[in-house]
Structure formats: C-alpha cells, structure tokens
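# Topology and contacts: notes
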Amino acid sequence: MTSEQPWLGALRARGRARFEALGLPSTKAEAWRYFPTRSLRGVDLGAGRPAGGAPDRLEAIDPARVAAARLPGTVACAVFVDGRFAAAASDLGELPAGVTIGSLAAALANDPERVRAHLGSVAPSEGAALVAANESWFADGLWVDVPANTAVAGPVQVLFLTTDAAGPATHPRNVVVMGRSAELTLVLGWSGPAGRAYATNAVTELVLGDNATLRLTNVEDEGAGATHVHHVQARQGRDSTLRTFALSLGGESARTSIRAELGASGASCHLDGLYLAAGAQRLDHYTEVDHQAPHTASNQYYAGVIDDKAVGSYLGVVFIREGAAKTDASQLNKNLLLAPGATANSKPQLEIDHDDVKASHGTTVGQLDDKALFYLLSRAIGPEEARGILTLAFAQDALSRLGDDAYAATLVHRVAAKLRAEAVLDAEAELAPGDDDDDDATPEGAE
Amino acid sequence: MLSISDLHVSVAGKPILKGLTLEVAAGEVAAIMGPNGSGKSTLAHVLSGKPGYEVTSGSVTFKGKDLLGLEAHERAREGVFLAFQYPVEIPGVSNAYFLRAAVNAVRAHRELPELDAVQFLRRMREEMKRVKMDAQLAKREVNSGFSGGEKKRNEILQMAMLDPSLAILDETDSGLDIDALKAVSDGVNLLRGPDRAMVVITHYQRLLSYIVPDQVHVLLDGRIAMSGGKELALELEEKGYDWLRGDAAAA
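## Some details on the overall build of chain B
Broken down by element type, chain B carries 9 helices and 12 strands. Taking 18 Å as the expected radius of gyration for a compact globule of 251 residues, we find that chain B reaches 18 Å, a close match to that expectation. With 251 residues in all, chain B has 54% of them scored as buried. Sequence separation of at least 24 residues holds for 69% of the intrachain contacts in chain B that already meet a minimum separation of 6. Approximately 10500 Å² of chain B is accessible, and the part contributed by carbon and sulfur atoms is 49%. Across chain B, 30 positive and 34 negative side-chain charges occur, with their mean positions spaced 5 Å apart.

Right, dumping it as structure tokens:
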C-alpha cells in the first residue's frame, strides 16, 4: 500500500491531537450522562493501527459465519473483518451503473479527491473525543457513492465482524454519499466473539443530496464483552428523507448516537429504535435532530425492553433554530421494565428558538400491565408465555417501523428470540390473514 | 361441581366475603344477585384466582379439587372460566392468536393434541357463527377498539372455544343495550348443558329474563342472605334489596 495522502495524514494528526486534548467523554457531559466510558479506560485505542502505517494481515473469515449472517432479500453484502474490507467474503452483486459500494481505504487509493470532499466534513471531530479517535485511527470502513437519479433496487447489507484476532479496538469509518434523488437501503450489522472484551468505535457519515432517500437499519449485536460506540451523522439536502432504525441487542455496553442536520427546506428524518437490554447490559441511544431550515420534519420513536439489572437509556435533543418556520417535530420514548433491578433513563428534550412550529415529546416507563396479564392467565395461558406475549406486543409498535423488506422479518425473529417469544411469533404468523383465505371467499358468480 | 363453604375473603385487609356458602351442581345455572358492594365481583375474582384477594378462612372445592390451591391459569385449565365484566384490551396481540394459545393450553392439559392453524381457524369460524360474532373481529387485536357488545360477545366466543365445566359471568349485562344483551344471552343459552355449571352474577333482574336461572341466590354483605327459584329475581325486582336487609337484620 502506498503511503497516505498528506491531507489524510493531517486529518489523522488533527484527530489524534483532539482526542488527546479531550480525553474520554465523562458522564458530566450532557450527551454522555447515561453512558459511562469507563470500560474504555486503559484500552489502547490506537493499538489496532498505527496512523499511516501498513495494514495488518486480514484475518480469514469463516464463509459459514458470513452465510449465517446474510439477511434474506439483500441484493449485496459488503463484509468488514476487524475493521477492514474483506473482498473475498463480500458479494457486491450487480449494482446499477455508477454506484460504488465497498472499501473506504480502496476509494482513498483510487479516487482520493472524491473521498476528501466528504470524509470528516459531516461528523466533525471538534469537541467529540471518540469521533476524533476514529479520525486518527480508522483503517477502513464502508464507502458508498450513489450518483444522482439512481436507485439501488434492494437492501444492501454491510457486516462488521470482529474476530478473536482483532486488536483491542477497531475504528470503522463509513462514508455514504447520495446524489440528488438517489435511493438506497442499507442494513449495517455489528457482531463479534462472546468470550473477550473488545471495543468498536465507529463513525458513519451520511450525505443526502436534494430529494435523496436513505433507509439505514443498524443492528448492534456485539459479543457479550464488547464496548460498542457508533456515531452516525447526516447532512440532509432539500426534500431529502432519512429513515433510521437502531436495533440494539448485544454488547456489554453499547451506544448508538445519531445526529441529523435538516439544513434545507423540506428535509425530513424518521429516527426509530428498539433496545433489548438484559443481564448487566447497558444500552444507550442518543439523538440530536437539528432543524435549521423551514418546513423540515422529524419524528422519533424509541422503545426499550429492560430486564434483570440492565440499563436502557434514551436521550434525545431536538433543536428548532431561529427561522425554521413550519417545523414539525415529535419524539417518543417508551420503556418496559421486566425486573425490579432494571433501569430506564429517558430524556426527550426540545429546544425551540422559533414560534411557528409544531413540536411534541413524550416518555413512558412502565411494567407489564397486571390486568392484561391476569386476562391471559384466566384463559389458561401459562405465566411465562403470557409475559412473552405481552412483551412482544409492547415491541410491536417499534418493530412495525422496520418496514416490509424480507430482512425485517428476520430481525423481528431475532428480537422475539431475545424476548423468549419466538413461539408466539411463529404461531402469530401461522394465523396471519394471508393464510386465512376461505372465510372471505365468495364463489364466483354466486348469488 | 362447585362447593363453597364458609368463605371469608379480605381485600387490602378489609373483609368483603364473610362466610359465604354456596353449592352449584353440574347442569345448573345459578344466579347471584346483590346490590353494589355486596361482594359479587369479589366472589367472581376469588374463584378465578385474581391476585389481591386474601382468603382468611373457608374452602372452595371444584370437581372434588381444592380450587384455592391452584394458580389462575391452572384453574382455567381445570375448566373454570370467568367472563369479565370489563374485558381487557391487549393491543399488539391478535384475537385469533390469543384464542389459539388459550385453546391449546386447555387441550394440552386434557391430553388432547394441539389444534394446528387450519383446524383452529375452522373451529373458530364455526363458533363465531354460532355466537353470531363478526368474523373480522378474529383478525383484530384483542378487544382493542371493540364496542361494549363486541367485547362481551368475544367473552362468549372464548367460553364456547374453551368449553369450561364452570362458567362465571361477572355482570355480563353491564353496559349493554337491549339488542346486545339479547345476543349475548342467546350465546350463553347455547352453551347451557348437563355437564356445565354456570354462575351468573348480576345486579339486575333483566338479564335473568333472557338467561333463566335454576337457582337465585341473594348476596348481601358478604354472605348468601336468601336462595330460591327464578321467581325470587322477580320478587327482588319489585321489592328491592332493602326488604331483605331488614329481614336479615331481624333474623
């Protein structure tokens, strides 16, 4: 590999200096109040890759692991192993002309000026210690470039797999650039070994051109000892639409933060999420929606199911800046606590500097409804099944926001499995209206 | 079938049932009438195993078993069914799924094979027709957005599907207009049979014009103050409960 461009070296040096000046985020900072980064203390975040150095050997990945993770209905799958693109394990299928999906490192080598225009421009490292650390030490990540007026027909899956050979931390840097009226669905998945502590510190930058539509489903299912921090930031053009779904299942502590900048009229974002925290897990979601232009819209729906001694958190801030007239913003966070030791932190916040807007927020923290539980028990349904039925029902509103793609059904199954309600889901599917056609059937011509 | 002996029940430390004794035989429809606060709903809830009711003394035997020793779901599996005064809405759960889970739990307890989706849906459609319930309601979420009449009909459908030996109807007439009341009563009457006992709890005589009881028991201040035939309901309608109160006080 050739040595990096001087501008990239300067970017990395800037990131490193900022990280060193800032140190790890403290819970005294509002955005981090529910997510202590103590598990990162003492971790040599730069050990994975000396800045500007040669790439490490790419770990061979078991094809069966990739095959097992492949979601149905996805038209392509880019695989990253320990933070680096694994071309042999990837299946980039047939993409429309002009569409690039693959390695950021490769794009930096092949078309550095194109990457330079976007890298670090959406998610600034200033004042953001872990974004700065990523800027300093990223080795690779996803590069997506969809030209104007181009739609990628089906969902594209991206797998970030950590293996036992990974260093203490990986820093994937993803950059997605969507031209005017471009359309894409991305499904990012994060997983790793259960038996060791490791850290993932990812940054995803999204550039949505005017009228572009991006659906981003993020499935955090890291290994049980992992610390996972992923910051997603989007800059949205006029009339563009961003839909995200942040599903959090795994990791010892995991945080997914999303900041959407609605900088042009007509831009909208829909940020949804579901987190299932159990054991001693700490799952954290932070969102920031910045309405900077008139006629922008955002809505958020995050639901948490928290069991055992786990902690689930949602902190969301909506800024409505002066001049952002006719803005429409809503945020809702609902939590279900399944055990006396479980904790939900919920803080939706509105900061409004313009009068002529519609904004609402709400939060609930509750337990399974005793009346509903007794109703099920009185109908002979056992206590464990009854709890499973009601817990899955609670998650339904969030799950319905995953959309109708085939991969969504697989994710719903994964959720049901973690809630120990797979049997409920299977039985529901068997009774779905589609299977039930003879009751509306009217014989042709019957009078 | 059901034998309640000197039952004392408290709620939050306050005695509600104070020595209730009652026998209901198989095939019999027993009406329990009484004014508000007499303990009617407490009786229904304590029989079905709802938490929050403390039995301080007395016993309840159902088909020879100690009913009070069983959890709510075990009682349902043994054949106790409570038609709720206020059926619970459960958003996110389809009525068909809910019913099938219930039916199969009871079948498993009776050592019958589970019904698969096709068998279940066929059986459910038959029963829905029998109790004159709109087939679309099966696809909806349990009781969510149902009218008062639809909710009560859904209770009767569940009763028909679960085929209980003891059905307790807790103020099934409350909140129903006369047409809905008739329809629900028709459903209940269809389910009368020699192997099934029914306990019909009501405040008003009007329900008993449609579901004609074999026995009428008057519950007053936590115990049965008087028992008689169906004509007792009419007498109560005419004289009110105060007549009995005076009587009980004098006795």
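## Focus: the domain arrangement of chain A
Residues and elements named next belong to chain A. Annotation of chain A at the domain level lists domain 1 (6–262) and domain 2 (369–432). A separation of 32 Å is found between the C-alpha centroids of domain 1 and domain 2. On the domain 2 side, the residues contacting the 13 residues of domain 1 number 12 residues. Taking both sides of the interface into account, the surface hidden between domain 1 and domain 2 amounts to around 1100 Å²; carbon and sulfur atoms contribute 70%. Across the contact surface, domain 1 and domain 2 share 0 salt bridges. One can count 3 residue pairs in polar contact (both at pLDDT 80 or more) joining domain 1 with domain 2. When residues of the side of domain 1 that touches domain 2 are traced back to their parent elements, those giving at least two are β8 (183–191), β10 (213–221) and β12 (241–248).

## Examining the interface of chain A and chain B
Each partner contributes to the interface: chain A provides 27 residues, whereas chain B provides 39 residues. At the boundary of chain A with chain B, total buried surface from both sides reaches about 2700 Å², with 66% on carbon and sulfur atoms. The largest contributions to the chain A side of the interface with chain B come from A:F374, A:Y375 and A:R379, which together make up 29% of the buried area. If you look at where chain A meets chain B, you find 2 salt bridges.

## Looking at helix α4 (residues 117–130) of chain B
Over its 14 residues, α4(B) runs 20 Å from end to end, which matches the ideal 20 Å to within 8%, given 1.5 Å per residue. On the buried face of α4(B), the contacting elements are α9 (422–430) of chain A together with α3 (95–109) and α5 (148–162) of chain B. With a side-chain oxygen positioned 3.1 Å from the backbone nitrogen of B:V118, the residue opening α4(B) is B:D116. Looking one or two residues past α4(B), B:K132 carries a phi angle of roughly 55°, positive in sign.

## With respect to the nonpolar core
A:L274, B:I4, B:I90, B:F120, B:M124 and B:I168 are the most contacted members of the largest nonpolar core, which totals 128 residues. Ignoring anything within four residues of it in the chain, the contact list for B:I4 reads B:L20, B:T21, B:L22, B:L43, B:L47, B:S59 and B:V60. Residues A:F80, A:L208, A:I258 and A:Y314 belong to the second largest nonpolar core, which totals 51 residues.

Basis of the calculations
Residues numbered from 1 in each chain as written. Chains lettered and ligands numbered in written order. Predicted model: local features only at pLDDT ≥ 70, side-chain atom pairs only at ≥ 80, totals over all residues. Heavy atoms only, no water. Helix = DSSP H or I, 4+ residues; strand = E, 2+ residues; numbered from the N terminus. Rg over C-alpha atoms; globule rule 2.2 N^0.38 Å. Buried < 20%, exposed > 50% of the residue type's maximum accessible area, 1.4 Å probe, protein only. Contact = heavy atoms within 4.5 Å. Areas by Shrake-Rupley, 256 points an atom, 1.4 Å probe, with all protein chains shown as cover. Lys, Arg positive; Asp, Glu negative; His and termini not counted. Charge placed at Lys NZ, Arg CZ, Asp CG, Glu CD. Domains from an automatic or database assignment. Buried area = accessible area lost by both parts, 1.4 Å probe. Salt bridge = Lys/Arg side-chain N within 4 Å of Asp/Glu carboxyl O. Polar contact = N/O pair within 3.5 Å; in protein donor to acceptor, adjacent residues only side chain to side chain. Expected span 1.5 Å × (residues − 1). Core = buried A, V, L, I, M, F, W, Y, C linked by side-chain atoms within 4.5 Å.

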